[in-house]
Amino acid sequence: MHPHGHPHGQPSGQPSGQPNKILLEYLYDVLVSHQQPPSLGPGTPSSLSLHYTPNQKFLQAAAAYTEACIVKAPGTDPVQATKLAQLAFQAQQKYGHHCIPHDPSNPDSGLGPTGAIETLTPSHAQLWHAAGAALLYCALQVGDDATAAMAQKWWRAEAALCHLTAWQNSWNLGSYEVIAPGARGGSYQSGGAGATTPAPAAQNSTRDLDYELLLNGTLPSAKSPKIQNQYYTATLILAKLTHDQIAVLNRPGQGEKLVGPNGQQGPWTSEDVPLLPSQLFVVRNGNQHAAWFESLDALQPQFQAGVNSQSAWYTFYNSPPGDLPNGGQSVWPAPQQPGGSIQKFGPQQV
């Protein structure tokens, strides 16, 4: 699948492989390692591909914008690339965070067949974050205030959701882990036989580090050799932001302050929580939490998630057993929700 309008094959000399891997590698090469990657050409796409999943559409918009506005590759169109970048943000404002419709150029095209809901997407956050970080950084670099403002709003929304579902737990790359429900898979990989706590999956742990960076304004592990690879594209791009640029993302907002891990308040507020396709429920008690969606018509499996007195957990929630592995039986421990009042976030999408 070619990210610029060649869904069933590549013209001679063009990169091949999964679109998300091609586009992630492109953003890493250009914005992190400063290499000259192969052209994504030919030119800037006229629209976001109908063949792409939502995260691939977001990555496509980010790569097209980077290629046209930063690399300034021959034959690219900065005006069209900017239109695609803004469209990717506008689609999420209409359909819900991490939701891009099948045909973003048609606002009534709906969320299928390739417009699947990926809200909070525990197993694919690294892709959404890479696109969001690239669009923010590049827009700031070229002085595109309109696109930068959209990206800043998106990142405040993402940080707010992370704050609601973060666990303050020191591991080898940071001090927090985001344990959130949502589409696709969980944030953990199996620790193997006899393991008491499975390790955070490398492909998703970028979200943990991005949250820590935005919460504290700095990230001690930003120079760690362990994160010098494509999985951490977003973290490495965000680490390039100046103090003032980060301050826009974590200055105290308007509205009721959100309570995060161990009772930390703000800086994000209820007004930073984005539109969601279904209500999100959160219970907080110290460093324990549980979070789940009222319903989520998303790619299987669907999860509720949280942290009890012993460890993080995930379990399937409101999903037809026939659509789930293991006959619908979760491989995660049964949920043990902490006591406390239930907070509701939305609003619910019609």
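Residues numbered from 1 in each chain as written. Predicted model: local features only at pLDDT ≥ 70, side-chain atom pairs only at ≥ 80, totals over all residues. Heavy atoms only, no water.

Asks: Summarise the nonpolar core; cite the residues concerned and give the values.
Replies: A general trend in soluble globular proteins is that nonpolar side chains are found buried together. If you look at the biggest cluster of nonpolar residues, it comprises 85 residues, and the most contacted ones within it are Leu-27, Leu-31, Phe-58, Trp-155, Tyr-211, Trp-268 and Leu-280. Every residue in contact with Trp-155, bar those within four places of it in the chain, is listed here: His-129, Gly-132, Ala-133, Leu-136, Asp-210, Leu-214, Leu-238 and Leu-249. In this structure, Trp-167, Ile-179, Val-307 and Ala-312 belong to the second largest nonpolar core, which totals six residues. (Core = buried A, V, L, I, M, F, W, Y, C linked by side-chain atoms within 4.5 Å. Buried < 20%, exposed > 50% of the residue type's maximum accessible area, 1.4 Å probe, protein only. Contact = heavy atoms within 4.5 Å.)

Asks: Lay out the side chain of His-97 with the relevant residues and their values.
Replies: Checked against the element boundaries, His-97 lands in the loop between helix H3 (78–95) and helix H4 (125–142). In this structure, His-97 is in contact with Gln-92, Thr-119, Trp-154, Ala-157, Glu-158, Leu-161, Pro-274, Leu-275 and Leu-276, ignoring residues within four places of it in sequence. (Helix = DSSP H or I, 4+ residues; strand = E, 2+ residues; numbered from the N terminus.)

Asks: If you had to explain the packing of helix H2 (residues 54–71) against H3 to someone new, which residues and values would you point to?
Replies: Running from N to C, H2 and H3 cross one another at 155 degrees; their axes reach a closest spacing of 8 Å. As the angle between them shows, H2 and H3 are arranged roughly antiparallel. The way H2 lies across H3 gives a crossing that is left-handed. For the pair formed by H2 and H3, the contact residues are Phe-58, Ala-61, Ala-64, Tyr-65, Ala-68 and Cys-69 on the first element and Pro-78, Ala-81, Thr-82, Leu-84, Ala-85, Ala-88, Phe-89 and Gln-92 on the second. Partitioned by chemical class, the residues of the contact of H2 with H3 number 12 nonpolar, two polar and no charged. (Axes fitted to C-alpha atoms, helices over the stretch in contact; angles between N-to-C directions. Parallel < 35°, antiparallel > 145°, perpendicular 65-115°, else oblique. Left-handed = near helix turned anticlockwise from the far one by under 90°. Nonpolar A, V, L, I, M, F, W, Y, C, P; charged D, E, K, R; others polar.)

Asks: Describe in detail helix H6 (residues 206–216), supporting the description with residues and values.
Replies: Of all 11 residues in H6, 10 are buried, a share of seventy percent or more. Taken together, the buried positions of H6 are occupied by Thr-206, Arg-207, Asp-208, Leu-209, Asp-210, Tyr-211, Glu-212, Leu-213, Leu-214 and Leu-215. Gly-217 occupies a position one or two residues after H6 and carries a positive phi of about 85 degrees.

Asks: Pulling in residues and values, what's your account of the packing of aromatic side chains?
Replies: Following the criterion strictly, the structure yields seven aromatic pairs and no others. Centre to centre, the rings of Phe-58 and Trp-154 are 5.5 Å apart; their planes meet at 50 degrees, and the pair counts as tilted. Of the two residues, Phe-58 is situated in helix H2 and Trp-154 in helix H5 (residues 145–164); the sequence distance between them amounts to 96 residues. With relative accessibility at 4%, the residue Trp-154 sits in the buried group. (Phe/Tyr/Trp six-rings, centres within 6.5 Å; stacked < 30°, edge-to-face > 60°.)

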